[in-house]
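Each chain is listed here by its residues.
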Amino acid sequence: MEILGLVGSPRKLGNSELMVKEISRRIPDPHRLKLVRLPEMDIRPCRACYTCLFDDHTCPQADDFPTILEALLQADGLILAVPVYLLAANASLKQFLDRGLSLYGHFEKLWGKPAVAVAIAGIPGMEGYTKLCLDSALRLMGARPQASEVVYGALPGEVFMNQENLTTAEKLAKALFGPPPDWQSEPWRCQACGGDTFRFLGSEQVRCMTCSSPGMVQIADGLVSFAVDPSEDHFFLSLEGALRHLRWLQGMKERFLAKKGELKAICLDYLHEGEWLEPKHKRK
Ligand SMILES: Cc1cc2nc3c(=O)[nH]c(=O)nc-3n(C[C@H](O)[C@H](O)[C@H](O)COP(=O)(O)O)c2cc1C
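Residues numbered from 1 in each chain as written. Predicted model: local features only at pLDDT ≥ 70, side-chain atom pairs only at ≥ 80, totals over all residues. Heavy atoms only, no water.

A separate point is the side chain of Asn90. In this fold, Asn90 is placed in the loop between strand S4 (88-89) and helix H3 (91-97). On the accessibility criterion, Asn90 (5% relative accessible area) is buried. A polar atom in the side chain of Asn90 sits 2.8 Å from the backbone oxygen of Gly8. Apart from residues lying up to four places away in sequence, Asn90 is in contact with Gly8, Pro10, Val82, Pro83 and Tyr85. (Helix = DSSP H or I, 4+ residues; strand = E, 2+ residues; numbered from the N terminus. Buried < 20%, exposed > 50% of the residue type's maximum accessible area, 1.4 Å probe, protein only. Polar contact = N/O pair within 3.5 Å; in protein donor to acceptor, adjacent residues only side chain to side chain. Contact = heavy atoms within 4.5 Å.)

So, on to the pattern of salt bridges. Scanning the entire structure with this criterion turns up 18 salt bridges. A salt bridge links Arg37 to Glu17, with the nearest nitrogen and oxygen atoms 2.8 Å apart. Of this pair, Arg37 sits in strand S2 (residues 32-37) while Glu17 sits in helix H1 (residues 15-26), placing them 20 residues apart in sequence. Taken individually, Arg37 and Glu17 each receive the classification buried, so the pair is uniform in this respect. A network of salt bridges, in which partner residues are shared, links Lys12, Glu17, Lys21, Arg37 and Glu40. (Salt bridge = Lys/Arg side-chain N within 4 Å of Asp/Glu carboxyl O.)

Taken together, 17 residues lie near the ligand, and Ser9, Asn15, Ser16, Val84 and Gly153 sit nearest. The contact in question runs from an oxygen atom of the ligand to an N or O atom on the backbone of Ile120, over 3.3 Å. When the free accessible area of the ligand is taken as 640 Å², the share hidden by the protein chains comes to 77%. For the shell around the ligand, the secondary-structure elements that each account for two or more residues are H1, strand S3 (77-85) and strand S5 (114-121). Counting residues per element, the shell around the ligand draws most heavily on S3, at 3 residues. Here the residues of the shell around the ligand are counted per class, giving 10 nonpolar, 6 polar and 1 charged. (Near = heavy atom within 4 Å. Areas by Shrake-Rupley, 256 points an atom, 1.4 Å probe, with all protein chains shown as cover. Nonpolar A, V, L, I, M, F, W, Y, C, P; charged D, E, K, R; others polar.)

A separate point is the nonpolar core. Judged by nonpolar contacts, the single largest core of 39 residues is most densely connected at Leu80, Phe96 and Leu134. It is helix H2 (residues 65-74) that contributes the most residues to this core, 5 residues altogether. The contacts of Leu80, once residues within four sequence positions are left out, are Leu6, Leu93, Val116, Ala117, Val118, Leu134, Ala137 and Leu138. Counting residues in hydrophobic clusters, the runner-up holds 19 residues, among them Val7, Ile27, Val118 and Ala169. (Core = buried A, V, L, I, M, F, W, Y, C linked by side-chain atoms within 4.5 Å.)

On to the sheet that holds strand S9 (residues 214-220), then. Overall, antiparallel pairing links the 4 strands, which are arranged S7-S8-S9-S10 in an open sheet. Unpaired on one side and paired on the other, strand S7 (198-200) and strand S10 (223-228) mark the two borders of the sheet. The average undirected angle you get between the axes of adjacent strands in this sheet is 40°. Pairing between strand S8 (residues 205-208) and S9: 3 bridges, direction antiparallel. For Val206, the partnering residue across the bridge sits in S9 and is Gly215. (Pairing = 2+ DSSP bridges. Axes fitted to C-alpha atoms, helices over the stretch in contact; angles between N-to-C directions.)

Note that all results are geometric; they support no functional claim without further evidence.
As structure tokens, this is what we get:
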């Protein structure tokens, strides 16, 4: 069995790397741990050309993205560990994820791989929206999130000066190939995806920021719960939904061609506005 550890920290033997390795050590099933340090991979920005949505689903960028994709396809399970930078997952995760349309053509093989994620913050309570970044990253990769946690530790290695974080590693290791998470026993979570970050839309209307499901927040006997609108079916939540989204994206090509002239006229109206700063260092 192969487990892929995606490490979001540039720090060698930093807390994210240690967390991945500790979780791996505690997985009871024999396995090989493959590791990717996201910040050292050359992952170029998406050019929004949509080429990857068609034909053989390859991206014209020549970089390390296909190497990671291949490792994802090979893996039987995933561990994602990313440090908090400025209240969010550091940019290496987003840089990878921004190329995520290249994953759509592989969803049939990628879909449903069990995964766990851990965010590492230096200051208790200062994790911002990092857990949300990790939870939605796993879903966008087609993985099946089994559990995710935030742990605290600032200096490299400090994460394991706290016994509690070893217990968290144990919990995540057990969850990876364990039974599906029971969200019903935790009614404050989104009952569609298990997410725990919501946007309040006025009165009792809320939206789950992980799967975009709308619903109602209710408070009864001092307990908060979130009731999802069951009529909504979001593309994050099933392979069928993801493939439907792929077809919708592919259909944009025809829509673009049909409206090309009209769109161009709108855009050109803004052509000469403002003064651009010239970059001093050209991107690779
Ligand atoms: C640029 C930068 C920004 C950071 N921002 C935060 C932050 O917003 N909140 C926080 O709790 N820790 C923050 N930290 C601390 C790291 O999350 C912490 O040191 C963590 O252990 C790093 O993980 P690593 O050892 O895997 O690199 C920041 C660190 C850096 C380098």
